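Chain residues, written in single-letter form:
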Amino acid sequence: MSNASIAHHMLLFACDAVEGNLLEKGYWDCSHHYFSCKNMRTLYAWAKNADSTALPQDVGIRIGRQWKLQYLVLQVHYKHPISPESEGDESGFRIHVAQEEPIYLAGLVILLRFNLTIPPNTEKTHGNMNCILNTTEPLIPFAYRVHTHNLGSVVSGYYLKSGQLDFEPIAKGNPQWPQAFYPMEHEIEFHPNDTIFAQCTFNTIGYNIETHIGFADQDEMCLLWIMYYTKSRDPKDQYILCPGEHFEGLNRALPLDSDKPLPRNISLEERASAHDQHAMLQQGNPMDDDHSMLIFTSVLVSAALILTIIVIRSRYTGCCSQTRKKNHIFDDNYKVNSGFKKLPILNGDTESEGE
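Residues numbered from 1 in each chain as written. Predicted model: local features only at pLDDT ≥ 70, side-chain atom pairs only at ≥ 80, totals over all residues. Heavy atoms only, no water.

Caption draft 1: Here's a closer look at the pattern of salt bridges. Scanning all chains against the criterion turns up 7 salt bridges. We note a salt bridge from Glu101 to Arg233, for which the minimum N-O separation is 3.0 Å. Of this pair, Glu101 sits in the loop between strand E7 (92–98) and strand E8 (104–112) while Arg233 sits in the loop between strand E17 (223–230) and strand E18 (239–243), and the two are 132 residues apart along the sequence. Classification of Glu101 as partly exposed rests on a relative accessible area of 43%. With relative accessibility at 28%, the residue Arg233 sits in the partly exposed group. Of the charged contacts, one joins Asp259 and Lys124 as a salt bridge, the two residues approaching to 3.4 Å between their closest N and O atoms. Of this pair, Asp259 sits in the loop between E18 and helix H2 (266–272) while Lys124 sits in the loop between strand E9 (117–118) and strand E10 (125–132), and the two are 135 residues apart along the sequence. Among the residues examined, Lys124 registers a relative accessible area of 41% and is labelled partly exposed. Connected via shared salt-bridge partners are Arg62, Glu101 and Arg233. (Salt bridge = Lys/Arg side-chain N within 4 Å of Asp/Glu carboxyl O. Helix = DSSP H or I, 4+ residues; strand = E, 2+ residues; numbered from the N terminus. Buried < 20%, exposed > 50% of the residue type's maximum accessible area, 1.4 Å probe, protein only.)

Caption draft 2: Highlighting the state of the cysteines. All chains considered together, the criterion is met by 3 disulfides. The residue that forms a disulfide with Cys131 is Cys242, at a sulfur-sulfur distance of 2.3 Å. Judged by the sign of its S-S torsion, about -135°, the cystine formed by Cys131 and Cys242 is left-handed. With Cys131 in strand E10 and Cys242 in strand E18, this pair connects stretches of sequence that are 111 residues apart. Taking the relative accessible area as the measure of exposure, Cys131 reaches 3% and is therefore buried. (Disulfide = S-S within 2.5 Å.)

Caption draft 3: Fine view of the pairing of strand E15 (residues 195–202). Of all 8 residues in E15, 8 are buried, a share of seventy percent or more. Both faces of E15 are covered, namely the face carrying Thr195, Phe197, Gln199 and Thr201 and the face carrying Ile196, Ala198, Cys200 and Phe202. Alignment of strand E12 (residues 152–160) against E15, held across 8 bridges, turns out to be antiparallel. Bridging across to E15, Val155 finds its partner in Cys200. (Pairing = 2+ DSSP bridges.)

Caption draft 4: A look at the nonpolar core. In terms of nonpolar packing, the biggest core is built from 44 residues, with Leu12, Leu55, Phe181, Trp225 and Met227 touching the most fellow members. If you list the elements that add at least two residues to this core, you get strand E1 (7–15), strand E4 (41–47), strand E5 (59–63), strand E6 (71–78), E7, E8, strand E11 (140–147) and E17. At 7 residues, the largest contribution of residues to this core is made by E1. One finds Leu116, Tyr144, Val155 and Tyr159 within the second-largest nonpolar core, a separate group that totals 29 residues. (Core = buried A, V, L, I, M, F, W, Y, C linked by side-chain atoms within 4.5 Å.)

Caption draft 5: Region of interest: the confidence of the model for the protein chain. Within the protein chain, residue pLDDT values average 75, and 73% of them lie at 70 or more. Ranking the helices and strands of the protein chain by mean pLDDT puts E15 first, with 98, and helix H3 (residues 290–296) last, with 27. In this model residues 275–355 is a low-confidence stretch, pLDDT under 50, and it forms 314 contacts with partners more than four residues away in sequence or in other chains. (pLDDT = per-residue confidence, 0-100. Contact = heavy atoms within 4.5 Å.)

Caption draft 6: Structural view of the pairing of E17. Burial analysis of E17 places 8 of its 8 residues in the buried class, the great majority of the element. Side chains Leu223, Trp225, Met227 and Tyr229 of E17 all project onto a buried face; the interleaved residues Leu224, Ile226, Tyr228 and Thr230 project onto the opposite face, where all are buried too. Note: E8 against E17, 8 bridges, orientation antiparallel. Bridge pairing in E17 links Leu105 to Thr230. In this structure, E11 lies alongside E17, joined through 7 bridges in antiparallel fashion. The residue bridging Arg145 from the neighbouring strand is Trp225, located in E17.

Caption draft 7: Seen up close, the environment of Thr122. Among the structural elements, Thr122 can be located in the loop between E9 and E10. On the accessibility criterion, Thr122 (22% relative accessible area) is partly exposed. For the pair formed by Thr122 and Phe202, sequence separation is 80 residues and the distance between their alpha carbons is 8.2 Å. Not counting chain neighbours up to four residues away, the residues in contact with Thr122 comprise Phe202, Asn203, Thr204 and Ile205.

Structure below.
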């Protein structure tokens with residue numbers, strides 16, 4: 001894994017193609033070549049000294065040429081400028097793959113805001129998102145992750161079952177804590193035509209500058225990630241984006257306590273700090289095997305494989321480290337069968353339990 005004093009956050013993408021000159025080079029500045037990873041799909045994210053995430057038993061992420069996911073790209077957003085000659089950075093991923101088809105495929109729903117004006121000295125400004133799930137099969141959420149920059153106080157998620165009017169909670173998180181994928185606190189099952197909601201709350205008391213959504217440290221972001229598994233093999237059921245409000249004003253009906261911050265947790269706040277030097281969750285030589293070597297050069301080519309485990313360990317993968325915008329950096333760590341006490345039953349199948 002990484003340390004927040006080195007890497008602000010990390011992202012793992014899969015894509016169908018990479019520009020030839022960049023593929024040969026093996027790394028690039030993502031502020032100038034952000035969309036060089038064609039048909040890009042986000043697989044995972046890490047920030048603020050987060051813990052690892054476990055995929056449930058019999059769940060995998062499908063990659064490979066026939067699925068138009070033949071390259072994996074690790075995007076690292078460094079806290080400060082860094083170069084390949086720099087010492088002490090072992091942030092990144094180790095990839096484990098298998099050729100056996102799992103029972104379930106993992107996917108992501110990402111609710112996000114592309115624009116929002118956040119006024120200064122205001123206790124509560126909401127960034128709202130909602131959309132209908134146009135899926136072909138049920139989705140079983142098992143983990144969630146929230147993300148804002150420094151002004152976010154709480155991110156909440158809810159859903160409405162098709163034809164019903166009562167909001168059901170999905171998740172609630174403090175974006176100033178380690179931005180991990182946290183296990184769901186209760187069993188949830190999304191069905192086709194359910195409506196999902198998210199709300200970011202920003203607190204700018206004592207902050208005298210108007211803020212906008214953007215990539216720079218001084219900007220803000222607003223995202224709720226929901227990781228799920230499904231029996232569906234339809235590619236559109238594996239990755240779902242929900243940008244902004246599909247139904248403007250509908251979020252005003254959310255429960256009154258939706259923007260109430262969680263109780264303080266000093267331990268998590270300290271751990272999320274970039275100065276917490278005890279948050280190196282995994283150490284060792286990042287060049288232990290060929291998979292690690294390929295990840296650290298930003299691109300891994302793979303064919304018809306199932307991604308089962310991802311361990312975060314980056315090493316000076318070039319992205320945004322020397323640009324004016326200090327974007328976040330995401331990191332990824334999956335360990336099968338560790339960390340989830342109980343998972344929901346899908347269509348009567350046997351439930352899976354973690355260690």
